[in-house]
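Residue-level structural notes
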Amino acid sequence: MSGAAQAFSGNLKKAVAGIRRINLEGLRWRVFDAKGQVLGRLASQISTVVQGKDKPTYAPNRDDGDMCIVLNAKDICVTGRKLTNKFYRWHTGYIGHLKERSLKDQMAKDPTEVIRKAVLRMLPRNKLRDDRDRKLRIFPGSEHPFGDKLLEPYVMPPRQVREMRPRAKRAMIRAQKKAEQQEGGKITSKGKKRDDTVLTS
C-alpha cells in the first residue's frame, strides 16, 4: 500500500480512516466509476453491494458487504432540474439557524458528500450502518490509494428507458403538428401579403 499511497495526491489520512476497524478477510474490492452515471441509480447499486445483498449468503443481521471504491464523483449526473432545485438542509441548534445548500453548491464544495448522503439514506438505520459507511470510499477524481489491492470493476446494469405512454405520445404528436401548422401559416400569410403588394403596384 505504500507505493500506491505515494502516488495518491489527495488527503491520505482521510482516505484510509477507519480501515483498521474493518475485517477485510474475504472481502472483495469493488470499483464504481461515477462518470456520466445518474446519482440515484448509482447509489442504489452501491447500497446493494455495501449491504452484501448481491451475495447468496446475505443475512440482515450480518455485515457481509464488500469494500466499495467510487471514482470520478465530480462527474456524476442528475436528471431534471435537481441541480438547482434539490437542497440539503440542516440545523445548527440555534434559533432560526436552518441552513440549506443546493446540489450545485454542494458539488462545487465537496462532490463526495453528495454520493455518500445518497447511499447512506438508502441503508437501514441500525447498528451496522457505521460499519457499512466505513466500507464506502469516495474520491472526486480517478486517483485512489488502494492500487495494491485486487480491484474488481463493477459493471452497471443497462438503463431500461421506459416507452412513452400512448396518451402522452399522442399529445406530443399533436403539439408537433400544431407547431408545424403555425410555422406554415406564418409563411403563407407573408407570401399572400407580398402577392397583394405586387398586384396593387
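Structure's up top.
The shown structure was predicted, so the numbers you read here are calculated from the model rather than taken from an experiment. (Residues numbered from 1 in each chain as written. Predicted model: local features only at pLDDT ≥ 70, side-chain atom pairs only at ≥ 80, totals over all residues. Heavy atoms only, no water.)

1. Regarding the overall build of the protein chain
Scanning the protein chain from terminus to terminus reveals eight helices and six strands. Reading the protein chain from its N end, one meets helices and strands in the order α-α-β-α-β-α-β-β-α-α-α-β-β-α. Within the protein chain, the proportion of its 201 residues that are buried is 32%. (Helix = DSSP H or I, 4+ residues; strand = E, 2+ residues; numbered from the N terminus. Buried < 20%, exposed > 50% of the residue type's maximum accessible area, 1.4 Å probe, protein only.)

2. Focus: the pattern of salt bridges
Opposite charge on two side chains permits them to pair, given that their charged atoms come into close proximity. Taken as a whole and judged by the stated rule, the model has twelve salt bridges. Between Glu 152 and Arg 28 there is a salt bridge, and its shortest N-O distance comes to 3.5 Å. Here Glu 152 is found in strand E6 (residues 151-153), whereas its partner Arg 28 is found in the loop between helix H2 (12-15) and strand E1 (29-33), with 124 residues between them in sequence. Ionic pairing is found between Arg 30 and Asp 66, a salt bridge with its closest N-O pair at 3.4 Å. (Salt bridge = Lys/Arg side-chain N within 4 Å of Asp/Glu carboxyl O.)

3. Some thoughts on the environment of Ile 22
Along the chain, the position of Ile 22 falls in the loop between H2 and E1. Sequence-wise, Ile 22 and Asp 131 are 109 residues apart; in three dimensions their C-alpha atoms are separated by 7.3 Å. When residues no more than four places from it in sequence are discounted, the contact partners of Ile 22 are Leu 27, Met 67, Arg 134, Lys 135 and Arg 137. (Contact = heavy atoms within 4.5 Å.)

4. So, the layout of surface pockets
Computed from the structure, the largest pocket encloses a volume of approximately 360 Å³. Lining the largest pocket we find 18 residues, and of these Lys 14, Ala 15, Thr 112, Arg 116 and Ile 138 sit closest to its centre. Where the lining of the largest pocket is concerned, the elements lending two or more residues are H2, helix H6 (111-120), helix H7 (129-134) and strand E5 (136-138). Looking at which element gives the most residues to the lining of the largest pocket, the answer is H6, with four residues. (1 Å grid on protein atoms, 1.4 Å probe; cavity = no way out; pocket = protein on both sides within 12 Å on 5 of 7 lines; lining within 4 Å. Points joined across faces, edges and corners; volume = space filled by probe spheres on them.)

5. Here we look at the sheet that holds E6
Taking strand neighbours across the sheet as the criterion, the four strands line up as E5-E2-E1-E6 in an open arrangement whose pairing is parallel. Either end of the sheet is taken by a strand with one partner, and the two such strands are E5 and E6. The sheet shows a mean angle of 25 degrees between the axes of neighbouring strands, direction not considered. Across the face of the sheet, H6 comes into contact with strand E2 (67-71) and E5 while running at roughly 155 degrees to E5. (Pairing = 2+ DSSP bridges. Axes fitted to C-alpha atoms, helices over the stretch in contact; angles between N-to-C directions.)

6. Notes on the nonpolar core
Membership of the largest hydrophobic core comes to 23 residues, with the highest contact counts inside it found for Phe 32, Leu 42, Ile 46, Val 70 and Ile 115. When residues of this core are traced back to their parent elements, those giving at least two are helix H3 (39-51), E2, helix H5 (103-109), H6 and E5. For this core, the element with the most residues is H3, which contributes six residues. Not counting residues within four places of it along the chain, the set of residues in contact with Ile 46 comprises Phe 32, Cys 68, Val 70, Ile 115, Val 119 and Leu 136. With twelve residues, the next largest nonpolar core counts Ala 15, Trp 29, Val 31 and Met 67 among its residues. (Core = buried A, V, L, I, M, F, W, Y, C linked by side-chain atoms within 4.5 Å.)

Any functional reading would require information beyond the geometric quantities listed.
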